[in-house]
Amino acid sequence: PVLQLDIITIFGDYFAPLELSLLGKAREQGLLAWRVHDLRDWTHDRHRTVDDTPYGGGAGMVMKPEPWGEALDAVLDAHPDARPTIVVPTPAGEPFRQATAHELAGAGHLIFACGRYEGIDARVLEYARTRAAVREISLGDYVLNGGEVAVLAMVEAIGRLIPGVVGNPESLVEESHAADTDGLLEYPVYTKPASWRGLDVPEILLSGHHAAIAAWRRESSIERTRQRRPDLLGEASEPDPTGE
Ligand code: ADE
């Protein structure tokens, strides 16, 4: 496959929906391959324990290093390929962006390590960095119960960038955050009927005037981005502080 994914988790059921839709088809076409591994397969006690209390005290539990070490060794040893990338979803990570999705789509082999509780013993990543590239990545500034939902979102964002996964490559071009639209948010879209519940589609879109439509869309994108995500606008688009 173009991209091999290994997902290590204690809640494999979260990944059942990967079979559906576009990504399931990509798997059938051999573009994408994934395996979901149960972290508890690498425990050796009767209760298949994966967590313990934190050194230094405090609330919550920390994931034990031993099962993680064995799990990562097993997955890495099964793929003697050049350095894979281990992705660790955590709210303390670097932000996941469209550019991140592009980078990871080209990585060849990704290993997702889903933490639960208060996180994974920090020595696990220290060890992992000796065997692979490691990226701690956050989906956004909010806290989920574990990495699984974050990985599901990342895999969908990454998988659709693999050539052939999205049927019409044109649909990748103008969407929000695409590099060739300067990272602006997408303009509003309309379809038939031209008038609905007293609300009309903007006249210009019915004009057939392609240059004017392109200009309207560009202006709509800029205005929408200014209102919702001013942080995405480069300095060039910011109001002139001199007022000139
Ligand atoms: N795990 C818990 N919260 C998360 C977040 N915001 N992003 C990625 N992984 C997480």
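Residues numbered from 1 in each chain as written. Predicted model: local features only at pLDDT ≥ 70, side-chain atom pairs only at ≥ 80, totals over all residues.

As annotated in an unreviewed UniProt entry, the protein chain is tRNA (guanine-N(1)-)-methyltransferase from Propioniciclava tarda. What the UniProt record of the protein chain gives under Subcellular location (unreviewed entry) is the line "Cytoplasm". UniProt's Sequence similarities (unreviewed entry) comment on the protein chain is quoted here verbatim: "Belongs to the RNA methyltransferase TrmD family." (UniProt positions renumbered as here; feature names shortened; annotations may be inferred.)

(A) The arrangement of the overall build of the protein chain in detail. Scanning the protein chain from N- to C-terminus turns up 6 helices and 9 strands. Its C-alpha atoms give the protein chain a radius of gyration of 22 Å, more than 25% over the compact-globule value 18 Å for 244 residues. For the protein chain, the spread of C-alpha atoms along the principal axes amounts to about 70 × 50 × 40 Å. Across the 244 residues that make up the protein chain, the buried fraction comes to 25%. Restricting the contact set of the protein chain to residue pairs at least 6 apart, pairs at least 24 apart contribute 77%. (Helix = DSSP H or I, 4+ residues; strand = E, 2+ residues; numbered from the N terminus. Rg over C-alpha atoms; globule rule 2.2 N^0.38 Å. Buried ≥ 20, exposed ≤ 12 C-beta atoms within 10 Å, placed from the backbone. Contact = placed C-beta atoms within 7 Å.)

(B) Expanded view of the environment of Leu139. Among the secondary structure elements, Leu139 is positioned in the loop between strand S7 (133–138) and helix H5 (148–159). Looking at Leu139, the number of C-beta atoms within 10 Å reads 20, which means it is buried. Along the backbone, Leu139 and Tyr190 are 51 residues apart, and their C-alpha atoms lie at a distance of 29 Å. Those residues within four positions of Leu139 in sequence are excluded, and the remaining contacts are Pro89, Phe96, Ala150 and Ala153.

(C) Up close: the domain arrangement of the protein chain. Under the domain assignment used here, the protein chain contains domain 1 (3–159) and domain 2 (174–237). With centres defined by C-alpha atoms, the gap from domain 1 to domain 2 works out at 36 Å. (Domains from an automatic or database assignment.)

(D) Looking closely at the pairing of strand S2 (residues 32–38). The pairing of strand S1 (residues 3–9) with S2 spans 7 bridges and is classified as parallel. By the bridge assignment, Ile8 is partnered in S2 with His37. Once you follow S1 into helix H1 (residues 21–28) and on to S2, the crossover reads as right-handed. (Pairing = 2+ DSSP bridges. Right-handed = clockwise from strand over helix to strand, strands pointing away.)

(E) Quick peek at the site of the ligand. The immediate surroundings of the ligand are formed by Pro89, Thr90, Pro91, Ser138, Leu139, Gly140, Tyr142, Val143, Leu144, Gly147 and Ala150. Of the residues forming the shell around the ligand, the biggest block, 3 residues, is contributed by strand S5 (residues 85–95). Grouping the constituent residues of the shell around the ligand by class yields 7 nonpolar, 4 polar and no charged. (Near = placed C-beta within 6 Å. Nonpolar A, V, L, I, M, F, W, Y, C, P; charged D, E, K, R; others polar.)

(F) Layout of the UniProt feature "binding site: S-adenosyl-L-methionine" (unreviewed entry) in the protein chain. The feature "binding site: S-adenosyl-L-methionine" (unreviewed entry), as annotated in UniProt, sits at Gly115, Leu139, Gly140, Asp141, Tyr142, Val143 and Leu144 in this numbering. Within the element layout of this structure, Gly115 appears in the loop between strand S6 (109–113) and helix H4 (122–128). The buried category is assigned to Gly115, around which 25 C-beta atoms lie within 10 Å. With residues up to four places along the chain from it excluded, the contact list for Gly115 reads Met63, Val88, Thr90, Ile120, Gly146 and Gly147. Along the chain, Leu144 turns up in the loop between S7 and H5.

(G) Spatial organisation of H5. Across its 12 residues, H5 extends 16 Å between first and last C-alpha, which sits within 8% of the 16 Å expected from 1.5 Å per residue. Here H5 has its buried residues at Glu148, Ala150, Val151, Met154, Val155, Ile158 and Gly159. Within H5, the buried residues cover an arc of 150 degrees as seen down the axis, which keeps them to one side. (Expected span 1.5 Å × (residues − 1). Arc of directions from axis to C-beta.)

(H) Representation of the environment of Pro193 within the structure. Locating Pro193 in the fold gives a position in the loop between H5 and strand S8 (195–196). In this structure the C-alpha to C-alpha distance between Pro193 and Asp73, which are 120 residues apart in sequence, comes to 57 Å.

(I) View of the pairing of S5. Of the pairings in the sheet, the one linking S5 to S6 comprises 3 bridges and is parallel in character. When the sheet's bridge partners are listed, Thr85 is paired in S6 with Leu110. Where S5 and S7 come together, 7 bridges link them in parallel fashion. Its bridge partner lying in S7, Ile86 is registered against Val134.

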